[in-house]
Amino acid sequence: MNKANIASLFEKDIARPIEGVIKADDTRHLAAEVDEYVLTGETASALEQLLESYTEPVYGGGNGVWISGFFGSGKSHLLKMLAHLLGEVPDQELIRQSVVEAFCAKAGIAGAMLPALIKKSATIPATSLLFNIDQKAPLIDKSQTDALLQVFVKVFNESRGYYGGEPSVARFERDLDRRNLLQDFKDKFQEIAGVPWEQGREEGILSEQAVTQAWAEIADGQTTENILARYESQFTLSIEDFAEEVTEWLRVQEPNHRLLFLVDEVGQFIGADTKLMLNLQTIVETLHTKCDGRAWVFVTSQEDMDSVIGDRTKQQDNDFSKIQARFKTRMKLTSADVEEVIQRRLLEKNKMGETELRALYEKQHANFRTLFDFVDGERHYRNYADCDDFTGLYPFVPYQFPFFQEALRGLSDHNVFEGRHSSVGERSMLGVVQEVTQKLADAEVGSLVPFDKMLDGIRQTVKSAAIKNLATAERQLPQQLPNGSEIAVRLLKALFLVKYIRGYIATPRNLAVLLYDKFDTNLTVLNTRVAEALEVLESQTYVQRNGIAYEYLTNEEQEIEQEIKNVDIDTSEVAKLLFGIISGDIVKSRTFPHSETGQQFQFGFKLDEVAQGIQKPLTVHFISPLSGLNDTEIAAHSM
């Protein structure tokens, strides 16, 4: 009887299309994104706190909401859901009420309070302006102190139908609109220029004469003045003016109408520029003051604000405190959120799968600590908690999700990824997990996802120079090691991922944990194969060994390591240096007392069978790795 394969365990087709990366401006899959959204326990709790503040008649706190989390944790998905849950998004067909109903159903498991708050928030009329700040600011110089304000103004102008490309032109349109002349101007311009105003305003100087003539005719006067040039020369941009415009817009809306700015990836746009961060704080604060709490700002960031700003001076610390005051509502997506989302969207099992995995759990759970716990490290990662946890996560192991997040963060900090802001870009945790699971779909139940496979999900976003060493090994090792190249290449992939993870010590045993890919694998054999492969990788300068741990070498590091290996070293000089360290730093005294009489006895030194310094009747013999002795021979010397 054939064993079931892994694909047969899942409730939903593991290969079904899943939008792993949610984009603020993508409206094609909105209904599916709402349906697929998983409201986790932690997110539900944070949403409840947000809605309690949002639905207060008079909101006395801040009007800012900061959503943070690591790469691919679902920040953009949450922001997009909030945009449709709390307001109407211009030019999008999805009806707000359908999102409210969907979220009330999702929130049913969280208790009665959250659905009631969702329904209450739905009674507040609002307009949601959802945008990715990088996409809206391709030509804006971030060194300008008002760079962030320019994006807010652009988005607000576009939402009213005004020209977002040039704020002075938008101001001209606004003034015409206030005098109920905008449509007349558009009609007259098209009559004169032969093209719609929406096209003519983008052509700029080519339409100057038509603009002037159309303006003169609707203003009932004869003028040759270039009206757009006058607006451009007199235009100024300030946060206070922007807030006043928002207030004016709100004033003509229905009572209690709100305007929501939902800004994706603002943390990446700001980076470590404290001026831009303070600019954001001032925008939020001024909107709150001028608009009586009716204008809100929601932002996402890949890190907490501490990480965005970095090391702070005392003045920056004071500035940061003010920023925090504006973003009193904090929604942080953690590894627990991501794990729950992945389980419920991707790894949910059918009845047959649950039965199969419960039997597998009963057979294997006694070995889990031996198989999946790391030793010697500063950090500890959780193992399977119980049978339900095992069934929910299989074929993954619990340590892999936070471990992979830390790997991504470390690689990004060291500029390993392609693209702007050194981010993972087009990959998310969900997308990586789905891709890896699909590759294991035909494997028998009992197989596991080894950690090195996670690299396959992000490899296309990694700079080629960073993995040149790995690419070289994939080409050359099969010729040099016909029987051991596979595990050697897998070790390189794992070592690349863990290179910048703090607290993890890449010993042969811990690396074997990362490569474990099937229950009933002989651990002794696996450990031996890993140790042998590491020796080969070290000898060929793919990795370097530091004490008991191994480290992947980047292209530059490999060249340096090879140069070091090529240097001829006089062994007598090494022995001299070692003796100096032993006699000077480790064993500082050359005498020791007799315990009964207290008499002091002098001793001399030997290092690897060679006498060092002045000899005495007593000698302490030190053995170093340079001696070439194995453990058995060293033990024999001790006899």
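The shown structure was predicted, so the numbers you read here are calculated from the model rather than taken from an experiment. (Residues numbered from 1 in each chain as written. Predicted model: local features only at pLDDT ≥ 70, side-chain atom pairs only at ≥ 80, totals over all residues. Heavy atoms only, no water.)

**Student:** Mind showing me how you'd approach the overall build of the protein chain here?
**Tutor:** Scanning the protein chain from terminus to terminus reveals 30 helices and eleven strands. Within the protein chain, the fraction of its 639 residues that count as buried is 50%. Residue pairs in contact within the protein chain that sit at least 24 positions apart in sequence constitute 71% of those at least 6 positions apart. Accessible area of the protein chain: about 31,200 Å², with a carbon and sulfur share of 49%. (Helix = DSSP H or I, 4+ residues; strand = E, 2+ residues; numbered from the N terminus. Buried < 20%, exposed > 50% of the residue type's maximum accessible area, 1.4 Å probe, protein only. Contact = heavy atoms within 4.5 Å. Areas by Shrake-Rupley, 256 points an atom, 1.4 Å probe, with all protein chains shown as cover.)

**Student:** Which parts of the structure should I look at to understand the packing of helix α13 (residues 239–251) against helix α15 (residues 274–290)?
**Tutor:** Two numbers describe a pair of packed helices, the interaxial angle and the distance between the axes. Packing of α13 against α15 brings their axes to within 9 Å, and their N-to-C directions diverge by 40 degrees. It follows from the interaxial angle that α13 and α15 lie oblique. Pair α13 / α15 crosses with right-handed handedness. Contact residues: Ile239, Glu240, Phe242, Ala243, Glu244, Val246 and Thr247 in α13; Asn279, Thr282, Ile283, Thr286, Leu287 and Lys290 in α15. (Axes fitted to C-alpha atoms, helices over the stretch in contact; angles between N-to-C directions. Parallel < 35°, antiparallel > 145°, perpendicular 65-115°, else oblique. Left-handed = near helix turned anticlockwise from the far one by under 90°.)

**Student:** Just checking my understanding: could you explain helix α2 (residues 41–54) for this structure?
**Tutor:** For α2, with 14 residues, the first-to-last C-alpha span of 20 Å sits near the 20 Å given by 1.5 Å per residue. Along α2, the residues classified as buried are Thr43, Ala44, Ala46, Leu47, Leu50, Leu51, Ser53 and Tyr54. (Expected span 1.5 Å × (residues − 1).)

**Student:** Sorry, what's going on with the pairing of strand β3 (residues 258–264) here?
**Tutor:** On a regular strand, one side chain projects to one face of the sheet and the next to the other, so that they alternate. Summarising burial for β3: seven of the seven residues are buried, a large majority. Along β3, one buried face is formed by Arg258, Leu260, Leu262 and Asp264 and the opposite face, lined by Leu259, Phe261 and Val263, is buried too. With seven bridges connecting them, strand β2 (residues 126–132) and β3 associate as parallel partners. Along β3, the bridge assignment pairs phenylalanine 131 with valine 263. In this sheet, strand β4 (residues 295–301) lies alongside β3 in parallel orientation, the contact comprising five bridges. Paired with leucine 262 across the strands is phenylalanine 298, a residue of β4. (Pairing = 2+ DSSP bridges.)

By themselves, these figures tell us nothing about what the structure is for.
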